[in-house]
Each structure stands twice: as structure tokens, then as C-alpha cells.
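Fold and geometry: a report
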There are 2 protein chains.
Amino acid sequence: MSISEVLNQIDNDLENAIERLLELLRIESISTDPAYKEECNRAANWLVSDLKSIGFSADIRKTPGHPMVVAHSKGEGLHVMFYGHYDVQPVDPIALWETPPFEPSVEDTSDGKVIRGRGASDDKGQLMTFVEACRAWKTVKGYLPINVSVFFEGEEETGSPSLVPFMQANRAELKSDLALICDTGLYSSDTPAIVTMLRGMAQIELEIIGPDRDLHSGLYGGISINPIRVLNKIIAGLHDELGRITLPGFYEGVPEVSDEIRSQWQNLKFDHINFLSKVGLLEPAGEVDCTPLEMIWARPTCDVNGISGGYEGDGFKTVLPSKASAKISFRLVGQQSPEAILASFKTYVEELLPRDCTVNYIIEEGNPAAQMSIEHEAFDKARLALSEEWQRPAAFVGSGGSIPIAGFFKEILQMDSVLIGFSKDNDQIHSPNEKYDVSSFHRGIRTWARILDVLAKE
Amino acid sequence: MSISEVLNQIDNDLENAIERLLELLRIESISTDPAYKEECNRAANWLVSDLKSIGFSADIRKTPGHPMVVAHSKGEGLHVMFYGHYDVQPVDPIALWETPPFEPSVEDTSDGKVIRGRGASDDKGQLMTFVEACRAWKTVKGYLPINVSVFFEGEEETGSPSLVPFMQANRAELKSDLALICDTGLYSSDTPAIVTMLRGMAQIELEIIGPDRDLHSGLYGGISINPIRVLNKIIAGLHDELGRITLPGFYEGVPEVSDEIRSQWQNLKFDHINFLSKVGLLEPAGEVDCTPLEMIWARPTCDVNGISGGYEGDGFKTVLPSKASAKISFRLVGQQSPEAILASFKTYVEELLPRDCTVNYIIEEGNPAAQMSIEHEAFDKARLALSEEWQRPAAFVGSGGSIPIAGFFKEILQMDSVLIGFSKDNDQIHSPNEKYDVSSFHRGIRTWARILDVLAKE
């Protein structure tokens, strides 16, 4: 039996596969905004019915938030569980989209054809690479060569609040030999990668309250505390002149990068000038004594993701505002504890808080960083399949983004995760004009078809 | 001839006067928002027709922005010009209003009856005190005892961009012996005041731009500059630990408060604990070595009136934003130069700006502080009339707010301004639930009727 029939079927069916993805992309499944709850349900139902159409037993599982999709296909030998998420990021600033975010289409660009729309890359396009690989196998062979479960969630972009309780309640059903996750990127346009290090995350939203109402800055300016100024002072003090984060205990559990990994990374010849220039920047802005790849893969960060206070409309209003708020997130590495870091942050805030201000914490969430143990033979098999499809050796790399699910699979289900994805740095995920290359989609499908094949072999 | 007939007429006509004010308050003349342009026109037309109804020659004067209202009534002797503004502040945060801002009504409260609605105090209620005083004079006597001009603008809340060109172009018509301005407050509920010191203002809106699009903080966090952090550092550096403003040259032209004025102010027994407690605060937050009255009347300030950047909706979005913006204003005193201070601010910003950020200045405006020369006999006459109406000695005081018109009257028309107003500290001007006490309105009308009377006498 050769895989080439399955690959041919994938090539021949590509147009239909794209149409199916466009259908899914039209569903406005923004998980963070309660106004889109029904759209999240629609996306989950669409996936259930598509999985059923290719022979999976599939259904919706309700949660206190958006539903899960769980599906199974019986096969021989190894049991893998594929994970993806059907929810997408909000679309603001909407004015910067050149085409409506939920009216996806295939565009010709100077870099080839792309699928444009919110979720094209993160993560609807990516999760459909696996579904389409299964479809091709079923069409050609009538079966999948191994046991496959599928697990989709709809809360990934909001910190996955229902995920851990759901996994704990359904441990027996979900437990597999290995997880496959498609939510990461290629190392470069022509070099595929398996991510084995993932940063964790701690996030907190705080609101500083001063006077009990908005005041006229003429009457009260100079005598009343200004909560925007208090908040700005808190944020400005989070980094020192060297770009290091000042919270006491912040660097506990941050590992040094080993000489071996450092040398592997040097071989990747990461072009940070090119990486930054694509988004209009010139120079790395992290810790002064770290290399660019360390900054995004191996070092923790602290960023302000949003800030708000006072009069934000057009023109001027000389108000002295009652409150100001910010969303702050920390990317974590190694053994850093999200809980300890949020506690340290809150102590720091309270030390800087004047007597006339109070602070509310609106959101507090976190998950630790994850490091895969790559001894499982599946890692080498998957690397082989990737290398065959791309005709280039695949790399084991780090990732700056957080994919908490990998940590939870390890902790709750004792499964390692093989993280393979096909997105590119210029996919503009989380930004206006998100896209996914048709070549990513096509070769992604082919890659999973090959991986299913090699995982079935001794 | 006695003033008592006029005062009786005012008392008897109060209900009708309130009805007229409610009509004016229903017009949504928010000057800063272009969506309300037609409403500003409506307010100006309403005033023209009301002034005509009491015998003024009155008309609309077009400007590049909102129109002016100019009206004249011939009389004997002294020529005064009364100034007010018919535009109002925006109403956000709208959710905090207990009644709709443009559906005004008279409410019974534990402190007496109040007129509730946007503009009730600032400045529609105040300007109508003068119009109603003229109406009572005309009703009872058939004439006004002196020459009276009226000058209303509709751009006071947006920095009065059309005002100076208009005054320059209409100097001969507008030039009078003295200006009367009703846009200030009582010193306390039962102590009236004439404001003879006014703070000036310099305001600037800036936008810091980093990467050319919003980025995913997982992919770019740690290597990309974050414009919110840059903006926060700029703002946090504007004050030192003693509450002083750090901009080079900022305190040039700031006068020391004289011992005499200091002692007058001590006699006012300003209760700053009470003043602050009304808005939920405990302690003065200005320069550590200044008294509370100095902070609000005699010292310059720097406040952030609004800040914005990144994701501000519900939930969390781990975006690394492309831009962040803030509206910053300085209250000025003495001879401080708005132009020099904005220039110093911009130099400071550019020194702190990393190579990977740019800055745009969206709004830059300013006007100097004003100090009246109180030698004109009208000041003592007006103080007498105030003291008679309130049965308490009126005070010459400072004001933290900026009323640029007083400076322009001096500079362009060589007129001093007598600033008398009846608003209270708890009127919540510029805030939700703005109100004007019916007693302020009533005694305000009676005060102006008395002032017209005393100004006519030798």
C-alpha cells in the first residue's frame, strides 16, 4: 500500500477542501464577546456534521462556556487525539481590514494564493488540514490506519476556562497515546518545524479608581489624584533600563538556554532584521543581553495589551477621570509559576497605590510553560514525514506563543503533544487581514496524511 | 426708582424662566462632536429669537465652526458686554446618568430644588441668569438702564477656535467698556465671589506608533517595542516625587503667592477635607509644599485627560498594539507661555522616543492665564450688589478653571472682565448628572438685575 493514492486524492480535491474551509470561516465564532455565542455554537455544529460525513462518531459537548466537539474513528494500533480550536479573535480595529473579516475569499498575491479572513490561519485553516487528511484517507482507503480521536474547543482565545474541568470529567474517553496539535507555524516558508518548547502565560486586568466620579480638571486639577497617572507609573516601573522585568521573584524558574540548544538555534540563522522589518521595526526591544531568538522563544516577557481611561473620543475634554484600566500579560518560560507572578504583581501594585486609590482585578488567569519529552518514537516519525513532504529537514524549535492545551494534556491525560503547524509569520493572526497560504493548507493536508501513514507503521 | 419692582417681577416669573431654560437644555449642543453640529445651530437660533423677544437686536454670525450670537440693546452711559457659551460637554459615560442628559427636569433633593441635565450649570443655566435679568428690567421698566451687548459662542468646550479671528474681525462692534462673564461659581453655598485670577491652559493630544500593525504578543512579545509602554513611561516621567512637573522651563513665569493674598485666602478657611470628601477623596495630591487653595488657584498642573491603546473590549486579547494615544493638559498661571510649554513637552517626548517609534501630535492648543486689574469702579459696584443680594460680603478669589475669553477680551478689546457666577462645587459640570440649583438660578437673575442697576448709578 502506498500513500501516493491518498496524496493524489488530496491534490484533486483541493478546490472542494477550500470551499469547505470558506464555509467554516464565514461563521463569526468570536469567543471573547458574548454577542457571538450563537455563532460559536454554529461553528461547533458545522464541525460535528462535517466529521460525521466522513465516518467519525461525533458530537457536541456542552460546557458552561462554548461547546466542545469530540469525535472518534476506530482503527488499529496507536491511538492519537488531534486538537484544534474553532473560536477566533475579535476583529477590531475593523477599519483596517481591506475585505470584511467574515467574508473570506481566495486572493492572488505576489507570494501566491492566500485564503483571507478571520480565523483562516488561527485556527480554522489549520484544524481543517487534519480533517481533510482524514477525508482523503477515508475516500481512498475507506478507513484510517490508526485510532483517531478529534477534540475541538471554542474558548482558546479566551484562556480556555472550560477546558480543564471538561478534561477531568472525561478523562477516560479522551486519554490517548499521543496528542497531535495544529496551532503553530512553519519555521520559514520552506522549513517545517515541530515545536517542543512553548511559553506559558499569566494575564491580569486591573482597574485603578480615584475620585468617585469624573471631575473638571479646572476645579480639581492639582489637588485630586489622577488614576491614569497612577496606572502609568505602575506600568512604567515594570521594566528597568536593561529591559528586565522588576517584579520581585519574576525570574525564579527561568532556565538558561543550554550551549547545545544555543548552537542549534545559531544554525537556524534567524534573520531578526527581516523578521522585524516586516512589521515596520528596526531593532529588538527586549533584554539588552539576549539574542533575538532567545527573546521570543526562551525569555519571559511583560506586555500591556490594552489601556483605557478618561475621555477617548474626538476632540478634547478636560476631565480628570475617576478610573483607568489596563490588560497586562506575561509570557512565561521554564518553571515560572503564573500564580506566584500574579501575586508578586499585585503586591507591587499595592505598594505603589496612593491612599486615595483602590484597585480592582477583573481578570486573573495563567498557565505554565511546556517542554515536550521528545523520546516518544512518534516525534521522529513525524519529523520524517514532514521532511519528506517539504524535501527539507524539519527542526525541533521553541515557540513564543502559549498553547496551554499541551501542558494540560501532559498534566491531566499524561500525553505528550506533537505540535505541527503550517502558518507563516506574515499570516497576521490576531490582526486585521489575517490570511493562510493555500500552499500551507495544501501541504498541511498532505503532511497529516503522511503522518497518519508513518504512525501506523512499526 | 427702586430695584425692588424688578426683583419682584423676577420672583413672580421664576416658573416661566425655568421653563425657558429647560427648553434650551433640551437642545443637544455638544460642540466637540461633529454629529451635533445642527444642534449647535439650533441652540444659537433659540437664543437669537429669545433675545429678540425682549427687544434686543440679535443675530447669528457664521464662523468656520459653530455660530456666534451677537445682540445689542441701546441705553444710557456705561456699555457692558455680557459673555456666555451655549455649547456643552459630551455626555459620556452615559451609563452613569440617572436621568437622560438632554431630558432636563426640576428635581427635589435634600439640598433643595435642582435643574438636572447637561449644560444646566455649564453654561446654559448661568447665561440665562443674565438674559432673565434683562427680561425683568424690560418687562417692568421697558428699557435697560445701561448699554448692553450680548455675545454667546458655541465652541467654549473645544478651545474656542473661531473666537479670536471673530473678535479681530468685529472689534469695533464688540468693543465695550467692560465685560461681564457668567461661567464661574460661588465661593460657597452662601458666599458669592468675583474671580480675578484665572488659570490658563495648554493641551496636546499625542499618538505613539510602534509596529505598523497590531501584533500577536506570543510571536513578537519580547522583541517588539510596545507603544503603550513608551507612552506610559513618557507620562510617568512628567512628575517628580514631590509632585512637581519635570519639563525644563515649566515653572518660568509662575508667580509666588503674595503674603497679602495668602492671608486673604487663609481667612476663607477653605475646608479641603470637605472639598475632597465630596468626590470620595481624602488628601491633596499636588505639590507637597503647597496649600490646597494654592494647588487649585495659584499653581500650574499637568493632567492626563484620556488614554487609549490596544484591546479595550471585554475579555482578553493578547495583542501587542501598533499605537497608543493620550490627551494631556496643563493648567497655567501667571506669565507661563502655552507655546513654550508645549514646545518643551514635545522636546521631552522626542528625547524619550525609541528609534522604533514615531509620534503624531493631533491637537495642540493653549491660552495664557489671566489676572484682572480690579481698579475699575465696576468691580466694587458689582461686589456691593452681590453682597446685598447674598447678605454676605463677596470675595475676590482665584479660579482653577480656564476661561480664555477673559484673556482675549483684555488682549484684543482692551476690556477688563467681571467674572461672576453662581454654580456650586457639587454641580458635576463635565460629569454625569450635571445640575444647577434653582436657588443659584433665581439669585443669579436677581444679582444681575441689581448689577445693571448699580452700574447705571454715578
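Reading the values: the criteria
Residues numbered from 1 in each chain as written. Chains lettered and ligands numbered in written order. Predicted model: local features only at pLDDT ≥ 70, side-chain atom pairs only at ≥ 80, totals over all residues. Helix = DSSP H or I, 4+ residues; strand = E, 2+ residues; numbered from the N terminus. Expected span 1.5 Å × (residues − 1). Buried ≥ 20, exposed ≤ 12 C-beta atoms within 10 Å, placed from the backbone. Contact = placed C-beta atoms within 7 Å. Nonpolar A, V, L, I, M, F, W, Y, C, P; charged D, E, K, R; others polar. Pairing = 2+ DSSP bridges. Least-squares fit on C-alpha atoms with pLDDT ≥ 70 in both. Axes fitted to C-alpha atoms, helices over the stretch in contact; angles between N-to-C directions.

1. With respect to helix 15 (residues 438-456) of chain A
- Compared with the 27 Å implied by 1.5 Å per residue over 19 residues, the 28 Å span of helix 15 of chain A between its first and last C-alpha is a close match.
- Within helix 15 of chain A, 14 of the 19 residues are buried, leaving the element largely enclosed by the surrounding structure.

2. A closer look at the interface of chain B and chain A
- Contacts between the two partners involve 76 residues from chain B and, on the opposite side, 78 residues from chain A.
- Elements supplying a minimum of two residues to the side of chain B that touches chain A: strand 9 (200-209), strand 10 (215-216), helix 7 (217-220), helix 8 (227-236), helix 11 (292-298), strand 11 (301-310), strand 12 (319-320) and strand 13 (323-332) of chain B.
- The leading source of residues in the side of chain B that touches chain A is strand 11 of chain B, at nine residues.
- Here the side of chain B that touches chain A is composed, by residue class, of 26 nonpolar, 31 polar and 19 charged.
- In terms of strand pairing, strand 11 (residues 301-310) of chain A meets strand 11 of chain B through five bridges, oriented antiparallel. Bridge pairing in strand 11 of chain B links Gly 310 of chain A to Gly 306 of chain B.

3. Overview of the relation of the copies chain B and chain A
- If you rotate chain B by 180° and push it 0.0 Å along the axis, it lands on chain A with an RMSD of 0.1 Å. When the rotation and shift are considered jointly, the pair of chain copies conforms to a two-fold rotation axis.
- Interface overlap between copies is the fraction of interface residues in one copy that are interface residues in the other; for chain B against chain A it reaches 100%, indicating a shared surface.

4. A few points about the sheet that holds strand 13 of chain B
- Ordered by their spatial adjacency, eight strands build an open sheet running 14(A)-9(A)-13(A)-11(A)-11(B)-13(B)-9(B)-14(B), and the pairing between neighbours is antiparallel. For this open sheet the edge positions go to strand 14 (358-367) of chain A together with strand 14 (358-367) of chain B, each flanked by a neighbour on one side alone. Across the sheet, the axes of successive neighbouring strands diverge by a mean angle of 20°, strand direction being ignored.
- Two elements, strand 9 (residues 200-209) of chain A and strand 13 (residues 323-332) of chain A, share 10 bridges in a ladder whose sense is antiparallel. Counted as the bridge partner of Ala 202 of chain A is Phe 330 of chain A from strand 13 of chain A.
- Most of the contacts of helix 8 (residues 227-236) of chain A go to strand 13 of chain A, to which it runs at about 15°, and overall it touches strand 9, strand 11 and strand 13 of chain A together with strand 11 of chain B.

5. Quick look at unusual backbone geometry
- Residue Asp 122 of chain A is joined to Asp 123 of chain A through a cis peptide bond whose omega torsion reads 10°.
- Looking at the element boundaries, Asp 123 of chain A is found in the loop between strand 5 (112-116) and helix 4 (124-141).
- Even without being glycine, Ser 160 of chain A reaches a positive phi, approximately 50°.
- For Ser 160 of chain A, the position within the fold is in the loop between strand 6 (147-153) and helix 5 (163-169).
- Using a count of 23 C-beta atoms within 10 Å as the deciding quantity, one classes Ser 160 of chain A as buried.
- One non-glycine residue with positive phi stands out, namely Asn 433 of chain B, at about 65°.
- Tracing the sequence through the fold places Asn 433 of chain B in the loop between strand 17 (417-420) and strand 18 (435-437).
- Looking at Asn 433 of chain B, the number of C-beta atoms within 10 Å reads 17, which means it is partly exposed.

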